[in-house]
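Okay, here's what each chain looks like letter by letter:
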Amino acid sequence: MGRVGAMLYGREREQAALDELLEAARAGRSGVLLLSGEAGIGKTALLDDAVARAGEAFRVIRAAGVEYEAELPYAGLSLLLAPGLDRLDVLPGPQRRALEMAFGLADGGAADDGVAHGRVAGGGPAAGEGHADRLLVGLATLGLLAELAADKPLLCVLDDAQWLDRASLDALLLAARRLQAEGVALLLASRTDSAANTGTSVQRRLGLPELEVAALAEADATRLLAQRVGAELPAAVRDRLLSEAAGNPLALTELPVTTGAQAHAPGGLPLTSRLLIAFHGQVTGLPAATQTLLLLAAAEESGELDVVLPAAAALGVTAEHLAPAEESGLVTVTADRRIAFRHPLLRSALLQRAPHHQKLSAHRAIADALPEGDRRTWHLALAATAPDPDLAAALERTAVRAERRGGHGGAAAYERAARLTPDRDDATRRLVLAAEAATEEGELTRAEALAGEAAARTDNVLAHALLDQVRATAHFWRGSYPTAYRLLLDAADTGIDPSYAARMLFQAFHAAWYAGEEPVAAVLDRLAALPLTDGDPLAPLARHLPAAVLPALGRPAAALPPVRETAEAARRAGAESPVDLVQLCGATLILGRDDETSDLGAELVAEARAKGTVGVMPTLQFFLAEAELFHGRHHDAELTATEALGLARDTGQHQWVSQLTALLAYLAALDGRSDHCTDLAATALATTGPQTAAPAAGLPWAQWALALLDLGQGRAGDAADRLHTLTTGPHRHHVSATRAVPDLVEAAVRLGTPHRAAEPYERFARWTTAADRPWAEALRLRCQALLGPDELAESAYRAALDLHEAAHRPFEQARTALLYGEWLRRTRRRTDARPHLRAALETFDRLAAHPWAARARTELAATGTPAPTPTGTRTTPQSPLTPQELQIARLAAQGLTNRDIAAQLFLSPRTVAHHLYKAYPKLNITSRTELPTAL
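Predicted model only: the values in this text are computed from it and were never measured.

Q: For this particular structure, what's the right way to read unusual backbone geometry?
A: Note on backbone geometry: most residues besides glycine have negative phi, and most peptide bonds are trans. Note that the residue after Ser-577, namely Pro-578, is joined by a cis bond; omega there is 10°. Relative to the assigned elements, Pro-578 resides in the loop between α27 (563–572) and α28 (582–590). Here the residue pair Gly-788 and Pro-789 is connected by a cis peptide bond, since its omega of 5° sits within 30 degrees of zero. Counting through the fold element by element, Pro-789 comes out in the loop between α39 (774–787) and α40 (793–805). At His-808, a position not held by glycine, the phi torsion is positive, near 60°. Tracing the backbone shows His-808 in the loop between α40 and α41 (810–826). By relative accessible area, which is 60% here, His-808 ends up exposed. The residue Phe-906 is not glycine, and still its phi comes out positive at about 60°. Residue placement: Phe-906 occurs in the loop between α45 (898–905) and α46 (909–922).

Put into structure tokens, the structure is as follows:
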């Protein structure tokens, strides 16, 4: 236990939580805690107390959010991680480069000419490799925190999270969710009162373990007030203060200062407003020059003396004028030459209550004291009172750099640049850029407002098309798929450059996929007719997508080339891999080219790992996991989907969280984990974006998962109802709906209602013809055998089993064998049934498909042959391991070091070691050299 800080009254509960967090870090376990509460409730005092309790046994790093820094990407994170920047070399290359770019320690390799390339400026909307991936910045943050905790536990303290710039907050949240066994204690504090309304939204977004810091009990409040003022106050005044403070410690310590000076605010004002007035009352008693110096320190976000003092000198103020503020305890000068305010509300009071002309002068003086760069540009912008073309151009350069660093803040810079631009066309161009940047930052309402303003100012066709793309993106994320699809289709049809049109149509395809078959066909017809040149990077993809999808819809299309051939052609033409090739995986899967999807998906996932293109990995891994599942590699599919789900959650990709959770529900249904399956399906169905009214993206897979669970456990009626809805509803063209038709046929036949499967079967039969794959034909023949006539069933079953032999899909082969065996037993051919039922049972046991193994065991026993005793658990040697433990163990068995594994799986090396330590006893081994044999 470290030393204890100043006496805190009534905070035993909070201090116990802090002790628990610190004790876990001492034991090598990482933890996160968010302290929330109104201004002045004592969050900062608790942070100070935690630092004191940590003592010399911990390394401590600390930072705080500053309101004026909210538009400066990574401002807070760079301050927090500054003590670890000398350790950047230990990070994997992509992570190190991303963090260096985010902090301005390296450039993105693009021309810095003041023009935003890639949108209305004429470059095409794809992000280049020079842009720092904000996801990689979060992973680099995790790595650096782990490195700082290598020799002693780390206490990472962040105050005023509600003012932290969004890029820094997102990086810290991603790191926080992945902390496991590094010995890092991450402690945050955030305001939740109405005066900091962004605090509420931050609070909702964090999703971290939280402890609300409540008001002091009356007895504790009385003790604190007595300590502050002793017996100086009359009883009536004391009672009034206790009543107005309402248990707020800061109010109890600050309001008494102004009690006798008429600076007390009326009781009707919110407490935070009264505290601001109280703080300002303390400042107004200081010399005017001191007040000017304090205003400069408040406006200069870092409080650096090397900036504040030169700015003050320009206004006729010297360092000596700081003394009265220090003597009154309002500020202190830290060891690293920064002015630190006694409380963040003091800074807010200075900024909110200073006259406008004084704030303009302060920002202008600060700008003059800063070197060229983004901070100087922002202060000049805050000081501007009239259009200024040079300043507008500088702000656009700031926005470009913000985007290149992968941070938020580009939209604000573009918008401010537009407001300062005297030329109408140039101002409109910057408003378009602001709208696009706001969309990328997830600020949908702001993006739509900017798009509407820009559209009213221009007749430019391309600008209107790009603004429609902004609106479409907002509608897509809200679940208004038909509106998004129509906006994009119309935008692409305005005669704009085919390259722009192609990207809009690819986005329209995504929206149309959830809107229905007709929209999908309309987009693909338009894409097939687009006059792209052979040298266009998107031309091979534009030809491949219609050829892959239209036949699945029963429409004519050109012959589908091998997906690898298309991928190589796109790469040669300059397509960005893997980002531009993602849809190839999904499209190829639609027409049943599962083997090609598996090969290309694995290649692109490996490429994404190597390049650090983390954002596309959940999508790629979803397609890869589907292909692995369809090939009967259930455990591989679970590993892939589990990792992808973690990444999707870390990065806020709600669509893929829903899809991947539903896919995992299907895998749980396969082996009979009933409760796990229903829980995952419920989670998938409840997972939508924060502003989405549409059904969850994982709905089709969740329906199939629950139906398979029903079917495996003998509830054919429930299974048929779910599957009929899935295969005849608006999502019937989805991969899961197409592949679920054989299950519908089986359920409907068991119920004696084969007519319910007639139309879906006809569609499925047409799809198998288009797919032209032996395994697909085997499934069609199985359906045909079930549907009859009965005299043709045996030949259909035998033909299906012959095709299964070469298809390497053990689960489906076993299901066909089971159905054939059941049919043979029902026709009193028990001897003929036994080998098929025995083969099915062996496969189901090997795959741990317990419901199906139980059914095969029952059927085998009905033939008069004793069935083997069920094991009740997976029979593979890896079965005791969690998905993450198995994934790590497999990589370790290949000879990779812990650091190599950590880089691949986006974990810290200590977390990798922790999982291996847990895996060894489960596998009955003692070292990693035994892993290849054990696995």
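Q: Looking at this model, I keep getting lost on the nonpolar core. Mind explaining?
A: Generally speaking, soluble globular proteins have nonpolar side chains that are buried together. Of all hydrophobic cores here, the largest spans 227 residues; its most connected members are Leu-77, Leu-99, Phe-509, Val-549, Leu-629, Trp-701 and Phe-844. When sequence neighbours within four positions are dropped, the list of residues in contact with Leu-77 reads Leu-99, Phe-103, Val-137, Thr-141, Ser-168, Ala-171 and Leu-172.

Q: Hey, could you run me through the packing of aromatic side chains in this one?
A: Centre-to-centre distance and the angle between the planes together describe a pair of aromatic rings. Tallied over the entire structure, the rule returns 20 aromatic pairs. Consider the rings of Phe-622 and Trp-656, whose centres lie 5.2 Å apart with planes at 50°: the pair is tilted. Residue Phe-622 is found in helix α30 (residues 617–630), and its partner Trp-656 is found in helix α32 (residues 654–670); the two are separated by 34 residues along the sequence. Measuring from centroid to centroid gives 5.0 Å for Trp-701 and Trp-704, while their planes differ by 35°, and the two rings are tilted. Placement of the pair is Trp-701 and Trp-704 together in helix α34 (residues 699–712), with a separation of three residues, close to one helical turn. Each member of the pair, Trp-701 as well as Trp-704, carries the same accessibility label: buried.

Q: Sorry, what's going on with the environment of Arg-62 here?
A: Relative to the helices and strands, Arg-62 is located in strand β2 (residues 59–64). Residue Arg-62 is classed as partly exposed on the basis of its relative accessible area of 35%. Linking Arg-62 and Tyr-485, residues 423 residues apart in sequence, is a C-alpha distance of 47 Å. Beyond its immediate sequence surroundings of up to four residues, Arg-62 is in contact with Thr-44, Leu-47, Asp-48, Val-51, Leu-80 and Val-157.

Q: Looking at this model, I keep getting lost on helix α12 (residues 288–299). Mind explaining?
A: Each α-helix turn comprises 3.6 residues. Residues three or four places apart therefore point the same way. An ideal rise of 1.5 Å per residue puts 16 Å on twelve residues; α12 measures up with 17 Å between its terminal C-alpha atoms. Most of α12 sits out of view: nine of its twelve residues are buried.

Q: Is there a simple way to think about the packing of helix α5 (residues 134–148) against helix α6 (residues 166–178) in this case?
A: The angle between the axes and the distance between the axes are what describe a pair of packed helices. Packing of α5 against α6 brings their axes to within 8 Å, and their N-to-C directions diverge by 55°. When the interaxial angle is binned, α5 and α6 end up oblique. Handedness of the α5/α6 crossing: right-handed. Contacts from Leu-135, Val-137, Gly-138, Leu-139, Thr-141, Leu-142 and Leu-145 in α5 reach Ala-171, Leu-172, Leu-174, Ala-175 and Arg-178 in α6. Classifying every residue of the contact of α5 with α6 gives nine nonpolar, two polar and one charged.

Here is what the cut-offs are and how they apply
Residues numbered from 1 in each chain as written. Predicted model: local features only at pLDDT ≥ 70, side-chain atom pairs only at ≥ 80, totals over all residues. Heavy atoms only, no water. Helix = DSSP H or I, 4+ residues; strand = E, 2+ residues; numbered from the N terminus. Buried < 20%, exposed > 50% of the residue type's maximum accessible area, 1.4 Å probe, protein only. Core = buried A, V, L, I, M, F, W, Y, C linked by side-chain atoms within 4.5 Å. Contact = heavy atoms within 4.5 Å. Phe/Tyr/Trp six-rings, centres within 6.5 Å; stacked < 30°, edge-to-face > 60°. Expected span 1.5 Å × (residues − 1). Axes fitted to C-alpha atoms, helices over the stretch in contact; angles between N-to-C directions. Parallel < 35°, antiparallel > 145°, perpendicular 65-115°, else oblique. Left-handed = near helix turned anticlockwise from the far one by under 90°. Nonpolar A, V, L, I, M, F, W, Y, C, P; charged D, E, K, R; others polar.

On their own, these measurements won't tell you what the molecule is for.
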